[in-house]
Amino acid sequence: MHEKDLRSLDMPAFPHYNRRVSQIKLRITSLIILIFGAAWVYYSAVDPEETRAWRATAPAAGFQAPDFELQNDLGELVRLNNLEGQAIILNFWASWCLPCREEMPAMEEIYQQYRQQGLTVLAVNATHIDSRVKALEFAALHGLNFPILFDFDGKVNQLYRVNALPTTFFISPTGTIQEVVIGGPMSEVLLRLRAENLLSGGDE
Amino acid sequence: MFPIIQIGPLALQAQGLIYLIGIWIGLTLAEKLAPKVKFPAGHIWNAASLALIFGLIGARLSYVVLHWDVFAESPGSIFSLNLQLFDLWGGIIFSALAILIFGQRKHFRWLNFFDASTPLLGVFLVAHSLANLAVGTGFGRPSELPWAINLWGANRHPSQIYEICASLLVLAVIIFLIYRQPSLPAGVIFFLFSALSSTWRLILEYFRADSNLIFQLRTGQVISWLILAVSLYVINKLFYPITTEKG
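Residues numbered from 1 in each chain as written. Chains lettered and ligands numbered in written order. Predicted model: local features only at pLDDT ≥ 70, side-chain atom pairs only at ≥ 80, totals over all residues. Heavy atoms only, no water.

(A) Structural context of the overall build of chain B. Of regular secondary structure, chain B possesses 8 helices and 6 strands. Projected onto its principal axes, the C-alpha positions of chain B cover 70 × 55 × 45 Å. Sequence separation of 24 or more characterises 62% of the internal contacts of chain B that already satisfy a separation of 6 or more. If you sum the accessible surface of chain B, you get close to 13,300 Å²; carbon and sulfur atoms cover 72% of it. In chain B, 15 positive and 10 negative side-chain charges are present, and the distance between their average locations comes to 13 Å. (Helix = DSSP H or I, 4+ residues; strand = E, 2+ residues; numbered from the N terminus. Contact = heavy atoms within 4.5 Å. Areas by Shrake-Rupley, 256 points an atom, 1.4 Å probe, with all protein chains shown as cover. Lys, Arg positive; Asp, Glu negative; His and termini not counted. Charge placed at Lys NZ, Arg CZ, Asp CG, Glu CD.)

Next up, the structure:
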């Protein structure tokens, strides 16, 4: 056979044909993956109420803040759940902790500025590893007016799984923890932005 | 959960430490594998350093601009060390711009650059899942399965462990392909990684309890599906580019 006749048998077209088949196979596979993916997205749809039930009470962002009751500097009992409706900055601290000491004046500033709008600062002193007297001395020295609470047996620190001081929980008026900040000192700007966010009901 | 790693008097936040180690391992791996995807190894660290520096500056600048009314009252806070005062998207945009300008000046072949960056992204995803496990974020929905873990007051799917396994598997596939399939078209490694990662996210998001919702659909899944669609489309185009026949 002549070369011209061989060409007429379409032999050189086979590689092109195979390539075309592979291309179509890849497209069909991609399409099937996307269809299954879309079906899975639809199947995974969930009622927002159900997701709320998955996040009941725990010391983490997105959960309801665990309730507790502690004595304040006046000897009165303060219960977290009684403060529902107020935005709360819950700060765990100790008088010997340098970053805790550094952020307290900013905390006082924010408390004074936003307390009328419904913001409360609760400063839980880790009294089991600190001293009530020293905590009160520090509060008096810096003119702190927000409630200082005393965790004598460390149970509330344990309840909130506090591993480092300071640790701060930002709790919305509905009792949901919006953010947890481990370490410090927090700047006044950060506290102000978070306080405004809590009061405006943001990130609910 | 181990959010704080205590070394003597020093308390280190596990999350940050895991990300740092992850980025370092990722960069080292990317640099080692770069020649196999036909990209100069030396550019990896330079591009990453620029992305990091400009990313940090951009993230803070963006945050300051967005909240200027508050920063105007205390301008010194612009230089605050608080990690919460960064805007993620501002950081990403500035990083991308820095890499874009650097790449243009160094005449990057962009598809090869994407392939060379893939090991870094792969290790970063593993680190991200590990960090989630360390601090208890990205937690699973309640479950009574024998391998459920007790977290945040309930027995839950160990969603973080699922994600660690999935991201390790994807990383292994990518490293295997880089070593064994050097003839793949440029860009396939990156978009295959993107497709595989979005697939596992699409599947595993179902087991999570912290999903954001959009019309009852999980936002993470919707975004993953879109990324998957784009990745598959590009892979098709890379394997079978449109050619104009001359006759």
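(B) Quick look at the overall build of chain A. The helix and strand inventory of chain A stands at 7 helices and 7 strands. In chain A, the order of α-helices and β-strands from amino to carboxyl end is α-α-α-β-β-β-α-β-α-β-α-β-β-α. Its C-alpha radius of gyration of 30 Å places chain A more than 25% over the 17 Å reference for a compact globule of 204 residues. Projected onto its principal axes, the C-alpha positions of chain A cover 110 × 35 × 30 Å. Across the 204 residues that make up chain A, the buried fraction comes to 46%. (Rg over C-alpha atoms; globule rule 2.2 N^0.38 Å. Buried < 20%, exposed > 50% of the residue type's maximum accessible area, 1.4 Å probe, protein only.)

(C) Here's a closer look at the sheet that holds strand E1 (residues 69-72) of chain A. Residue and element names in this part refer to chain A. Read from one edge of the open sheet, 7 strands run E2-E1-E5-E4-E3-E6-E7, paired in mixed fashion. Strands at the two margins of the open sheet, each flanked by one partner only, are strand E2 (77-79) and strand E7 (177-182). Strand after strand, the sheet turns through a mean of 30° between neighbouring axes, direction not considered. Looking at chain direction, strand E3 (residues 87-93) and strand E6 (residues 167-171) are connected through 5 bridges and run antiparallel. In the strand pairing of E6, Leu90 is matched with Phe169. Contacts from helix H5 (residues 132-141) reach E1, E3, strand E4 (119-125) and strand E5 (148-150) within the one sheet, and its direction differs from that of E5 by about 175°. (Pairing = 2+ DSSP bridges. Axes fitted to C-alpha atoms, helices over the stretch in contact; angles between N-to-C directions.)

(D) Molecular detail of the packing of aromatic side chains. Residue and element names in this part refer to chain B. Taken as a whole, this structure holds 26 aromatic pairs over all chains when the rule is applied. Clustering of aromatic rings is evident, with ring pairs tying together Phe39, Phe102, Phe108, Trp110, Phe113, Phe114, Phe190 and Phe191. Positioned above the aromatic ring of Phe86, the side-chain terminus of Arg60 is 4.3 Å from the ring centre. (Phe/Tyr/Trp six-rings, centres within 6.5 Å; stacked < 30°, edge-to-face > 60°. Lys NZ or Arg CZ within 6 Å of the ring centre and 35° of its normal.)

(E) Representation of the state of the cysteines. Residues and elements named next belong to chain A. Summed over all chains, the structure comprises 1 disulfide over all chains. Disulfide pairing places Cys97 opposite Cys100 at an S-S distance of 2.1 Å. One disulfide, between Cys97 and Cys100, carries an S-S torsion of 85° and so falls in the right-handed class. (Disulfide = S-S within 2.5 Å.)

(F) Geometry of the domain arrangement of chain A. Taken domain by domain, chain A holds domain 1 (3-43) and domain 2 (53-199). For domain 1 of chain A versus domain 2 of chain A, the separation of C-alpha centres amounts to 63 Å. (Domains from an automatic or database assignment.)

(G) Broad picture of a nonpolar patch on the surface. All names here are of chain B. A grouping of Ile53, Phe54, Ile57, Leu61, Leu88, Trp89, Ile92, Ile93, Phe94, Leu97, Leu100 and Ile101 is seen on the molecular surface, where their side chains present a nonpolar patch of about 1,200 Å² in accessible area. Elements with a contribution of two residues or more to the nonpolar patch: helix H2 (42-66) and helix H4 (88-105). Among the elements that line the nonpolar patch, the one with the most residues is H4, at 8 residues. Take Phe54: it is sitting in helix H2. (Patch = residues over 30% accessible without salt bridge, like charges linked within 9 Å, V, L, I, M, F, W, Y side chains within 5 Å. Salt bridge = Lys/Arg side-chain N within 4 Å of Asp/Glu carboxyl O.)

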